[in-house]
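Per-entry structural report
For reference, the chains in residue letters:
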Amino acid sequence: MLELKVINDNPAPSKKGGCSAGSCGSNDEQMSHLPEHIREKVYNHPCYSEQAHHYFARMHVAVAPACNIQCHYCNRKYDCANESRPGVVSELLTPDQAVKKVMAVAANIPQMTVLGIAGPGDPLANPERTFDTFRQLTEKAPDIKLCVSTNGLSLPECVDELVKHNIDHVTITINCVDPDVGAKIYPWIFWNNKRIHGRKGAAILIEQQQKGLEMLTARGVLVKVNSVLIPGVNDEHLKEVSKVVKAKGAFLHNVMPLIAEAEHGTFYGVMGQRSPNKAELQALQDACEGDMNMMRHCRQCRADAVGLLGEDRGSEFTLDKIETMEIDYAEAMKKRAVVHAAIAEELNAQAARPAQKNDIPAHYRPVLMAVATSGGGVINQHFGHAKEFLVYEASPAGVRFIGHRKTDLYCSGGDTCGDADTALQTSIRALEGCEAVLCSKIGYSPWGELEAAGIQPNGEHAMEPIEDAVMAVYKEMIAAGKLDEAPALYGAGNAA
Amino acid sequence: MALKIIESCVNCWACEPLCPSGAIHEAKPHFLIDAKKCTECEGDHADPQCASICPIEGAILDGLGVPLNPPGSLTGIPPERLQAAMAEIRAR
Ligand code: SF4
Ligand code: SF4
């Protein structure tokens, strides 16, 4: 059985959930409301284990265009903002096209183990298209797990159909449990052939979400809850949401930042609703998610990407290309099984690695560091090629994963480099709060600008395992006396 | 009489599967209602389905050319309250 290391530098939890050191205790506590069979699933999950995430990939297909509610942070021109980055438009596929694409990718990228439908609208508002895709895949590619994300309005009526397929987990976006809060987020819903506005609509939506959540957990389906943090609307309220959904058996409550830009044309964007800053976000994530750091990487999914963390091979699988591919899936499945077994072995070996003792005096403050990686759990990406950074926190207690920071590529090479400077600034902004960035290589000019912004670039740990490297840099900072000075950007509000 | 989709349609697909008369189809640059097929949902539903789910104010007109979802009807904020609402939201 695959036993993953879920907490950095701590031994994997045993079946009894006993774990001796560090933050593992609190993690155990968060998971203690879950039935044993769900806990097992989560610990070993390619989507939710930070460790496994470096080795497995998932993909999404856009088969579900329509939506049955209006969120103030969405304007329908882009993919559903609950599950993807803002401003992304996916190519709409028919169920047949989607099935073909998934099988083509799975045959060529054996690490692809999870297929999600998240939009571009609400999958359950398009039940024929969504379930046709699931039906075909459950039959033709039984080694692929399926997941789906929904706003929850149609969830109760879909539960029976959902559990017929190879469904691995369901994500519900729940932004509130109070209709008065809901009325500020959802102007209307479409329900029983009518448009229902305001508080009344929000109340129905909330009721359906909660009912759907209960029905799924009663059947042993993993349910993750996403919430969008909207300052001044649901920020404090999300703590209540967290309590309620965990009591009903959601295994993870994931808090994502509202991203409201006027140019996206959403109601919030146009009206000037602000997004949360990084400190507000992290404070709320700590309050709602606690220390379930193993899952933080799975925040806003990369709905537009195909491949492993940090890479996108989508262009190899365009419609005209997959049309010409001949796929022998039975053959591919054998190959995939071999690759999956090798990954399991590698993860087992990592889990077996003895916990490090780091004897750092407890008074040193924690430090955030960003890491550029293209997968494999090592630092192996050029700073300028990183589309996203992984952020880790180093503290005397050890190294823990905090989350993703997405960035626009600041350098795409060649003649598009004219915009490099402003885009580099975007990258630097994305790294706000980090005091170091670890990468395999970095150019001369970004080096200077990062330093000027108070972020120390470091290319000395190329190809080293991420956590070891982060700890090494932390120790170097201590040795250099850097942590004796006044706390830098990431001092306040940290509970680690 | 029949309803009409105009150019502010964002091609979101929400209306198409709901039409009881099969009157709506995808088209470029935007979805269209076949006036010969549209029944305004008479006999099937109390409200015209396309206009009840369309997220865009002004995208669907009635037989007289009047928008079924006039400005402010979907955001819930009438135009005269827009400035005040914006100030409220910006203060958050
Ligand atoms: S009013 Fe009814 S019949 Fe006419 S296009 Fe809209 S949904 Fe179809
Ligand atoms: S619901 Fe409105 S915006 Fe969407 S496709 Fe129909 S007419 Fe266009």
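Use the structure listed above.
The notes below deal with the structure included here. Remember, it's a predicted structure, so these values are computed and weren't measured experimentally.

**Regarding the overall build of chain A**
Scanning chain A for helices and strands turns up 16 helices and 14 strands. The buried share among the 496 residues of chain A stands at 59%. For chain A, the share of sequence-separated contacts (at least 6 apart) that also reach a separation of at least 24 residues comes to 73%. In the form shown here, chain A has an accessible surface area of approximately 19,200 Å², with 53% of it arising from carbon and sulfur atoms.

**What to know about the sheet that holds strand β1 (residues 57–60) of chain A**
All names here are of chain A. Taking strand neighbours across the sheet as the criterion, the six strands line up as β1-β3-β4-β5-β8-β9 in an open arrangement whose pairing is parallel. On the outer flanks of this sheet lie β1 and β9 (252–257), each paired with one strand and no other. Ignoring strand direction, the axes of neighbouring strands in this sheet form an average angle of 25°. Strand direction decides the pairing type here: strand β4 (residues 145–150) and strand β5 (residues 167–173), joined by five bridges, are parallel. Directly across from Leu146, in β5, lies its bridge partner Ile167. Along the sheet, helix α4 (residues 95–108) makes contact with β1 and β3 (112–117), crossing β3 at roughly 160°.

**Remarks on the interface of chain A and chain B**
Taken together, the contacts link 27 residues of chain A with 25 residues of chain B. Both sides together, the interface formed by chain A and chain B hides about 2,100 Å², and carbon and sulfur atoms give 60% of it. Three residues, Phe190, Arg195 and Met271 of chain A, lead the burial of chain A against chain B; their summed loss comes to 28% of the area buried on that side. On inspection of chain A and its partner chain B, the count reaches one salt bridge. Asp47 of chain B is the partner of Lys194 of chain A in a salt bridge, and the nearest nitrogen-oxygen pair spans 3.3 Å. Seen at the junction of chain A and chain B, the total is ten residue pairs in polar contact (both at pLDDT 80 or more). For the side of chain A that touches chain B, the secondary-structure elements that each account for two or more residues are β6 (188–191), β7 (194–197) and α10 (267–271) of chain A. The biggest single contributor to the side of chain A that touches chain B is α10 of chain A, with four residues. Of the residues belonging to the side of chain A that touches chain B, the class tally is 13 nonpolar, eight polar and six charged.

**With respect to helix α11 (residues 278–289) of chain A**
Residue and element names in this part refer to chain A. Here α11 spans 15 Å end to end across twelve residues, near enough to the 16 Å set by a 1.5 Å rise per residue. Taken together, the buried positions of α11 are Leu281, Gln282, Leu284, Gln285, Asp286, Cys288 and Glu289. If you check the start of α11, you find a side-chain oxygen 3.2 Å away from the backbone N of Ala279, and it comes from Asn277.

**Brief notes about the packing of aromatic side chains**
Residue and element names in this part refer to chain A. All chains considered together, the criterion is met by four aromatic pairs over all chains. Centroid distance Phe383 to Phe389: 5.5 Å. Interplanar angle 35°. Geometry classified as tilted. The positively charged end of Arg195 is found above the aromatic ring belonging to Trp188, 4.4 Å away from the centroid.

**A few points about the site of ligand 2**
Every residue lining ligand 2 is accounted for by Ile5, Cys9, Val10, Asn11, Cys12, Trp13, Cys15, Phe31, Cys54, Pro55 and Ile56 of chain B. Along the lines of polarity and charge, the residues of the shell around ligand 2 split into ten nonpolar, one polar and no charged.

**What to know about the sheet that holds strand β2 (residues 69–70) of chain A**
Residues and elements named next belong to chain A. As summarised here, the arrangement of the three strands in space is β2-β6-β7, forming an open sheet in which the pairing is antiparallel. Every other strand in the sheet has two partners, leaving β2 and β7 as the edge strands with one partner each. Pairing of β2 with β6 involves two bridges; the strand directions are antiparallel. Its bridge partner being in β6, Gln70 is matched across the sheet by Trp188. Against the sheet, helix α8 (residues 198–218) touches β2, β6 and β7, its axis set at about 105° to β7.

**Some points on the packing of helix α9 (residues 237–247) of chain A against α11 of chain A**
All names here are of chain A. The contact between α9 and α11 brings their axes to 9 Å, and the two run at 25°. As judged from the angle between their axes, α9 and α11 are roughly parallel. Note on packing geometry: the crossing formed by α9 with α11 is right-handed. Contacts from Leu238, Lys239, Ser242 and Lys246 in α9 reach Leu284, Ala287, Cys288 and Glu289 in α11.

About the thresholds
- Residues numbered from 1 in each chain as written.
- Chains lettered and ligands numbered in written order.
- Predicted model: local features only at pLDDT ≥ 70, side-chain atom pairs only at ≥ 80, totals over all residues.
- Heavy atoms only, no water.
- Helix = DSSP H or I, 4+ residues; strand = E, 2+ residues; numbered from the N terminus.
- Buried < 20%, exposed > 50% of the residue type's maximum accessible area, 1.4 Å probe, protein only.
- Contact = heavy atoms within 4.5 Å.
- Areas by Shrake-Rupley, 256 points an atom, 1.4 Å probe, with all protein chains shown as cover.
- Pairing = 2+ DSSP bridges.
- Axes fitted to C-alpha atoms, helices over the stretch in contact; angles between N-to-C directions.
- Buried area = accessible area lost by both parts, 1.4 Å probe.
- Salt bridge = Lys/Arg side-chain N within 4 Å of Asp/Glu carboxyl O.
- Polar contact = N/O pair within 3.5 Å; in protein donor to acceptor, adjacent residues only side chain to side chain.
- Nonpolar A, V, L, I, M, F, W, Y, C, P; charged D, E, K, R; others polar.
- Expected span 1.5 Å × (residues − 1).
- Phe/Tyr/Trp six-rings, centres within 6.5 Å; stacked < 30°, edge-to-face > 60°.
- Lys NZ or Arg CZ within 6 Å of the ring centre and 35° of its normal.
- Near = heavy atom within 4 Å.
- Parallel < 35°, antiparallel > 145°, perpendicular 65-115°, else oblique.
- Left-handed = near helix turned anticlockwise from the far one by under 90°.

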